[in-house]
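# Close look at the chain arrangement
For reference, the chains in residue letters:
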Amino acid sequence: MATSTGPSKKTAIPSSSADRTPQAVKFARRTSSGRVVSLSRDEDLDVSGEFSSPSDYINYTVMMPPTPDNQPAGGGSNSGDKPDGPGGYASTMSRFAMETQRPGGSRGEEEGGGGNSAGKLDRRVSVMKSNNKSMLLRSQTGDFDHNRWLFETKGKYGIGNAFWQDDESFDDTGVTLSDFMDKPWKPLTRKVKVPPAILSPYRLLIMVRLVVLLLFLIWRIRNPNEDALWLWGMSIVCECWFAFSWLLDILPKFNPINRQTDLAALRDKFETPSTTNPRGRSDLPGVDVFISTADPEKEPPLVTANTILSILAVEYPVEKVSVYISDDGGAILNFEAMAEAVKFAEMWVPFCRKHNIEPRNPDSYFNVKTDPTKNKKRPDFVKDRRWIKREYDEFKVRINGLPEAIKKRCEKHNSKEEMQAKRLAKENNGGTLPAEPINVTKATWMADGTHWPGTWYSPTADHSKGDHAGIVQVMSKVPENEPVMGHRDEKKLDFTGIDVRLPMFVYVSREKRPGYDHNKKAGAMNAMVRASAILSNGPFILNLDCDHYVYNSMAIREGMCFMMDRGGDRICYIQFPQRFEGIDPSDRYANHNTVFFDGNMRALDGLQGPVYVGTGCMFRRYALYGFHPPRAKEYTGIVGQNKSQAPNISSQMQAEEDSESQPLAVHPDLQLPKKFGNSTMFHESIAVAEFQGRPLADHISVKNGRPPGALLAPRPPLDAPTVAEAVAVISCWYEDKTEWGDRVGWIYGSVTEDVVTGYRMHNRGWRSVYCITKRDAFRGTAPINLTDRLHQVLRWATGSVEIFFSRNNPLLATTRLKFLQRIAYFNVGVYPFTSIFLVIYCFLPALSLFSGQFIVQSLNVAFLVYLFIITSTLMLLSLLEVKWSGIALEEWWRNEQFWVIGGSSAHLVAVLQGLLKIIAGIEISFTLTSKSAGDDEEDIYADLYLVKWTSLFIMPLAIIIVNLVALVMACARTVYSVIPQWSKLFGGAFFSFWVLAHMYPFAKGLMGRRGRVPTIIYVWSGLLSITVSLLWLSISPPSDNSTAGGGANFSV
């Protein structure tokens, strides 16, 4: 491609260079994304064909500017100003000449007569005035100093985003720096894969251990212990099950991943002024936050109020957030505590925005141990913090005094009612009181002097926990669409320039009547789903427990990055990890559960997504309604290796809805939901929520998107008919003859409704995402008392057993569930059954010590080699898992210990209770986990040392005592034998110590504070010890020729 220079801006050009074609790179094709692809360096480039178009191919000539240290090869010069050196040079600068091939035109015509047009494209710089190159050489190295040359000659860098020439521009194209600096399309999230240096050995070790386990089991089966077949048989069965259980647990961990979000890109996409959003208002979708509580005695109102305050202060557009609390007990204490919280939020929320407070739970913020002034720059921060701290203390006192204030108010009003009743009776009885006593119902009164429609302190008809009216109270109105700036107030803080709006806050207590199955927490959540659809209809729902507060004010934005990213329309929920406060430093009972939240859940994120764990989860409302995802996939084959596009279920159902019978091949989860109830407003809200939940269609690769600026319209204010409709949809009869709890909303029929709800979404083809933020998104509390912890584990395990025996068993799942995801869900239903084999295996060391036999004939080399390899690979796998998950070795060991403790107690009882429910239909009731702290306010870990006896202690206590007695008896028998053989104790004693090491936290928990063991522990220990000793003496009485120890013979 040749270029010409016009008459303007002439410079000295060497004659030798006139006959030489300048070195150029020719670019022949520009892709749709703007990327330039080099096709050929030939002059005669043939671009005709099916891919050509009149304006598709553009040629560029890029000429390297000659500088004093970059001279073109050539001879003489027609100018007297030439530097020292063998050749002359011309100071032409980089020229970006763009020429478009025109139909019928030729290059010669453009070069021959287009002097003026060519001059517009010519870019030149002035000639260097100094012709002495030696002046520009570095004194030490002798190299040419290019920086000095640029400075002295005012040399130009060219054109780019680092430097742009203001004095020259592209007249033909109209390109300016602002056009050049347009930001390209950016994704909101990205995957960060585990380094291959960690993941590859991890996968290899899994396969190695799997092969070794298989060979070991084959060897064990082929080499029975003829002297103790009963001991050998029990051990073989247990070991086979342990291998199977380990396989179910490890296979879903083949592909762990990490994810990162880009909050700056989210802000640029949705909150930056543009042609579709001139004022830069937020185009983000709305979010409805759900909080559930039931009993103010076990879930203190102050804890719930702090959670509400942290949510009201989140960093998200105020007009897009709505907060709902479900009080399933209908307690007036919760109602008035929430009213106090909203009043205090009018000061707390602007304070957090003004000083960028983290965390925004006032109780946690004021109890933080770090310096509160760190990174705070406003001069009035200390004064503001001191003032808001005093206000919060007064707020706590008001909350703590509410029970007594309500009772005094009720007594006052009831006494007035009683006096009026007596006066009326006296008037009706001729001026004297009747002989029969006058009964006046002891009502519960609100502050305005009216009856509380919920549960009364003195339960009566229509006013008890299971029999009361539905309540919907909007405590904080719909905020203005534009920011409302505060002002200076001498009585309060200076909120000048700070948005003082609050998100809408609604108190909800669903109607309850006798004779209806209210389905516990799942029913309360579904009632909030319907009420929120009427009032705000946010396309996304954030579900939190009353003790899980927002620790990271940007958490909702972090989750929204996934929902609004390319392909986000196929995500049903974003699960955040659970983090806990108030746990003892040693984490004795593995309350942090980091192995699950940082290991298993991170690994599931590499498959179809993590399971739903009940709190800290952001749902897509449309997915909760039971609809199918767009562009669903099916996985067929033995291990789901065949991936294909799933058929459009909606078209199939429309074609078949006229038929009298449904096809048997259609899985129930693949049928579309139809019965949502008789609310017209709710039905109309479904399509709106689906549209508003779509990602932004700002790129050709975004499918099923919405246009930019579609969510800028203000939300209409609430009116009386809308609130009345919200009250109607939370009535106890609304779900009759509907699909709520079956295909729509939270699923009923299990105590672990969270796992089942997430499973049903995955079964329809949705996927979920695990969002681990740099700063914890949410934090909550966990029971540190041993009894409470075991009861919590018992509830989870019982729900898993129910899943295994129900139609939610993943073995019956659809082809839309990935193979490894199916294995993960299958492990959720199977893991409690491991307790049966675990309890047997924990007694095997003691039985070995009692009988003098072992699980193998002799401790030969083959057995020890297999044992060494299996143990070594397990340790290496644990180290690599610690590496990619980020957990600590101590946390991994605590998890292993509590796995044995919980498996031998709660899991075993869960299997029995689950079987009773399935076989005999006996329902199991569970008590609510207490969220309150211990009575000892000086020691925050007082509950850790509190021993509350429960039947769950029996089996672990029996395992400890039996193993201790067996060790003592085996040692004594060996000591008093004619020929002591200590090596025979090795097998049984080693495994017995393994069991006792895992049971150490349980034994420590039974000792209480400073070794104060309850009397019942001594009683049970003594009874078990005596019973075991007498039982063994009756089975195997001592003989005169007894010479055996407690182990097996060692042979090589």
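All figures in this text were calculated on a predicted structure; none of them were measured in a lab. (Residues numbered from 1 in each chain as written. Predicted model: local features only at pLDDT ≥ 70, side-chain atom pairs only at ≥ 80, totals over all residues. Heavy atoms only, no water.)

## Section: the overall build of the chain
This is how it is decided: Per the convention used, a helix needs a DSSP run of H or I reaching at least four residues, while a strand needs a run of E reaching at least two, with both numbered from the N terminus. Buried residues are those whose accessible area, probed at 1.4 Å on protein chains only, stays under 20% of the maximum for their type, while exposed residues exceed 50% and partly exposed ones sit between those limits. Note on areas: these come from Shrake-Rupley sampling with a 1.4 Å probe, and a residue is covered only by the protein chains present in the view.
The secondary structure content of the chain amounts to 29 helices and 21 strands. The proportion of buried residues among the 1052 residues of the chain is 50%. For the chain, the exposed surface amounts to about 50,800 Å²; the carbon and sulfur share of it is 57%.

## Brief notes about the environment of Leu 867
Along the chain, Leu 867 turns up in helix α23 (residues 861-885). In the structure, Leu 867 is positioned 654 residues away from Leu 213 in sequence and 9.6 Å away in space, judged by C-alpha atoms.

## Comments concerning the pairing of strand β19 (residues 642-645)
Stated formally: Whether two strands pair depends on DSSP finding at least two bridges between them.
With four bridges joining them, strand β18 (residues 633-636) and β19 adopt antiparallel strand pairing. What sits directly across from Thr 636, in β19, is Asn 642. Between the antiparallel neighbours β18 and β19 lie five residues, among them Gly 637 with a positive phi of about 105°.

## Notes on the pattern of salt bridges
Our working rule: What makes a salt bridge here is a side-chain nitrogen of Lys or Arg within 4 Å of a carboxyl oxygen of Asp or Glu, nothing more.
Using the criterion set out here, one finds 44 salt bridges in the structure. For Arg 513, the salt bridge identified is with Asp 467, shortest N-O distance 2.7 Å. Residue Arg 513 is found in the loop between β12 (504-509) and α12 (520-535), and its partner Asp 467 is found in strand β10 (residues 467-468); the two are separated by 46 residues along the sequence. The structure contains a network of salt bridges with shared partners spanning Arg 579, Glu 581, Asp 598, Asp 776 and Arg 779.

## A closer look at the side chain of Asn 414
Stated precisely, the cut-off is as follows: By the convention used here, residues are in contact when the closest approach between their heavy atoms is within 4.5 Å.
Residue placement: Asn 414 occurs in helix α11 (residues 381-428). Those residues in contact with Asn 414 that sit more than four places away from it in its chain are Thr 441, Lys 442, Ala 443 and Trp 445.

## Focus on the pairing of strand β15 (residues 571-575)
When you tally the buried positions in β15, you get five out of five residues, the bulk of the element. Relative to strand β20 (residues 767-770), β15 runs parallel, the two sharing four bridges. Bridge pairing links Tyr 573 to Ser 768 in β20. Here β15 pairs with strand β17 (residues 617-620) via three bridges, running antiparallel. When the bridges of β17 are listed, Gln 575 appears paired with Cys 617.

## Quick look at the packing of helix α5 (residues 196-222) against helix α6 (residues 229-250)
For clarity, the threshold we go by: Between N-to-C directions, angles span 0 to 180 degrees; the directions come from axes that are lines fitted to C-alpha atoms, helices contributing only their stretch in contact. Put simply, angles under 35 degrees are roughly parallel, angles over 145 are roughly antiparallel, angles from 65 to 115 are roughly perpendicular, and the rest are oblique. Two helices that cross are described as forming a left-handed crossing if the nearer one is turned anticlockwise from the farther one by less than a right angle, and a right-handed crossing if clockwise. Only Asp, Glu, Lys and Arg are considered charged, only Ala, Val, Leu, Ile, Met, Phe, Trp, Tyr, Cys and Pro nonpolar, and every remaining residue, Gly among them, polar.
At a closest axis distance of 11 Å, the pairing of α5 and α6 adopts a crossing angle of 160°. On the basis of the axis angle, α5 is roughly antiparallel to α6. Crossing hand, α5 versus α6: left-handed. Contacts from Tyr 202, Ile 206, Arg 209, Leu 210, Leu 213, Phe 216, Leu 217, Arg 220 and Ile 221 in α5 reach Trp 232, Ser 235, Ile 236, Glu 239, Cys 240, Ala 243, Trp 246, Leu 247 and Ile 250 in α6. Residue classes in the contact of α5 with α6 are distributed as 14 nonpolar, one polar and three charged.

## Focus on the sheet that holds strand β8 (residues 321-327)
With mixed pairing, eight strands are arranged side by side in an open sheet as β11-β12-β8-β7-β13-β17-β15-β20. Looking at which strands have only one partner, the edges of the open sheet turn out to be β11 (471-476) and β20. Averaged over all pairs of adjacent strands, the angle between their axes in this sheet comes to 20°, without regard to strand direction. Looking at chain direction, strand β7 (residues 287-293) and β8 are connected through seven bridges and run parallel. Bridge assignment links Val 287 to a residue of β8, and that residue is Val 321. Set on the sheet, helix α13 (residues 555-563) makes contact with β7, β13 (540-545), β15, β17 and β20; between it and β15 the angle comes to about 150°.

## Brief notes about the environment of Glu 558
With respect to the element layout, Glu 558 can be found in helix α13. Taking the relative accessible area as the measure of exposure, Glu 558 reaches 12% and is therefore buried. If sequence neighbours within four positions are ignored, Glu 558 has contacts with Thr 261, Leu 263, Asn 552, Cys 771 and Thr 773.

## Examining the environment of Glu 271
Applied cut-off: By the criterion applied in these results, polar contacts are pairs of N or O atoms within 3.5 Å in which, for protein atoms, one can donate a hydrogen and the other can accept it, and in which residues neighboring in sequence qualify only through two side-chain atoms.
By the element assignment, Glu 271 lies in the loop between α7 (263-270) and β7. The spacing of Glu 271 and Asp 283 is 12 residues in sequence and 6.4 Å in space, taken between C-alpha atoms. Separated by 3.0 Å, the side chains of Glu 271 and Arg 557 make a polar contact.

## Quick look at the packing of aromatic side chains
Quick reminder of the rule: Pairing of aromatic side chains here covers Phe, Tyr and the six-membered ring of Trp, requires ring centres within 6.5 Å, and sorts the geometry by plane angle: under 30 degrees stacked, over 60 edge-to-face, intermediate tilted. We call a charge positioned above a ring when the Lys NZ or Arg CZ atom is no farther than 6 Å from the ring centre and deviates by at most 35 degrees from the ring normal.
Applying the stated criterion to the full structure yields 49 aromatic pairs. Between Phe 344 and Tyr 392, the ring centres sit 5.9 Å apart and the planes meet at 45°, which makes this aromatic pair tilted. In this pair, Phe 344 is assigned in helix α9 (residues 332-355) and Tyr 392 in helix α11, connecting sequence segments 48 residues apart. Ring centres 6.1 Å apart and planes at 55° place the aromatic pair Tyr 573 and Tyr 612 in the tilted group. With Tyr 573 in strand β15 and Tyr 612 in the loop between α14 (594-604) and β17, the pair connects residues that are 39 residues apart, well separated along the chain. Each member of the aromatic cluster is reached from another via a ring pair, and the members are Phe 216, Trp 219, Phe 854, Phe 863, Tyr 866, Phe 990 and Phe 991. Lying over the aromatic face of Phe 381, Lys 376 brings its terminal NZ or CZ to 5.8 Å of the ring centre. Against the face of Tyr 551 rests Arg 779, its NZ or CZ located 3.9 Å from the ring centre.

## Observations regarding a nonpolar patch on the surface
What counts here: To count toward a patch, a residue needs a relative accessible area above 30% and no salt bridge. Like charges then connect within 9 Å, nonpolar side chains (Val, Leu, Ile, Met, Phe, Trp, Tyr) within 5 Å.
A cluster of nonpolar side chains, namely Val 211, Leu 214, Leu 215 and Ile 218, defines an oily patch on the protein surface of about 340 Å² accessible area. Take Leu 214: it is sitting in helix α5.

## Here we look at the packing of helix α22 (residues 834-851) against helix α24 (residues 889-903)
Two elements in contact, α22 and α24, have axes whose closest approach is 9 Å; the angle formed by their N-to-C orientations is 100°. With respect to their mutual orientation, α22 and α24 come out roughly perpendicular. For the pair formed by α22 and α24, the contact residues are Thr 834, Ser 835, Leu 838, Val 839 and Cys 842 on the first element and Trp 899, Val 900 and Gly 903 on the second.

## What to know about the nonpolar core
To keep things clear, this is the line we draw: To qualify as a nonpolar core, a set must consist of buried Ala, Val, Leu, Ile, Met, Phe, Trp, Tyr and Cys residues joined through side-chain atoms within 4.5 Å.
Counting 96 residues, the largest nonpolar core has Phe 619, Tyr 625 and Phe 682 as its most contacted members. Each residue touching Phe 682, except ones within four places of it in the same chain, is listed here: Arg 530, Ala 533, Ile 534, Tyr 625, Phe 676, Tyr 734 and Trp 740. Judged by nonpolar contacts, the second largest core, of 80 residues, contains Leu 266, Leu 312, Phe 505 and Met 564.

## Let's talk about the sheet that holds strand β21 (residues 778-781)
Backbone hydrogen bonds are what pair the strands of a sheet, in a parallel or an antiparallel way. The mixed open sheet is built from three strands, whose spatial order is β14-β21-β16. Edge strands, defined here as strands with exactly one partner in the open sheet, are β14 (549-550) and β16 (579-581). Inspection of the sheet shows β16 paired to β21 by three bridges, in the parallel sense. Looking at β21, one finds that Arg 579 is bridged to Arg 779.

## Topic: unusual backbone geometry
Put simply, Glu 358 and Pro 359 share a cis peptide bond, and its omega is -10°. Here Pro 359 lies in the loop between α9 and α10 (362-366). A positive phi angle is found at Asn 519, which is not glycine, with a value near 60°. Along the chain, Asn 519 falls in the loop between β12 and α12.

## Remarks on α7
Under the convention used in this document: The arc in question is traced by the directions running from the helix axis to the C-beta atoms.
Within the span of α7, buried status applies to Ala 265, Leu 266 and Phe 270. Burial along α7 is one-sided: seen end-on, the buried residues are contained in an arc of 110°. Elements that come into contact with the buried residues of α7 comprise α13. Capping the start of α7 is the job of one residue whose side-chain oxygen sits 3.2 Å from the backbone nitrogen of Ala 264: Asp 262.

## Description of the confidence of the model for the chain
As a reminder of what qualifies: The pLDDT value expresses, per residue, how confident the predictor is, ranging between 0 and 100.
Here the chain shows a mean pLDDT of 81. Residues at 70 or above account for 74%. Low pLDDT (under 50) marks residues 651-664, which in the prediction has five contacts with non-local residues, meaning those over four places away or in another chain. Note that pLDDT drops below 50 for residues 1041-1052; the model gives that stretch 36 contacts with residues more than four away or on any other chain.

## Some points on helix α18 (residues 720-729)
Buried within α18 we find Thr 722, Ala 726 and Val 729. The buried residues of α18 occupy an angular sector of 70° when the element is viewed end-on, so they sit on one face. Within α18, the exposed residues directed more than 90 degrees away from the buried face are Ala 720 and Pro 721. Close packing links the buried residues of α18 with β11, α12 and α17 (680-692).

## Some remarks on the side chain of Thr 834
Its place among the elements puts Thr 834 in helix α22. Residues contacting Thr 834, with those up to four places away along its chain left out, are Trp 241, Phe 242, Ser 245 and Trp 899.

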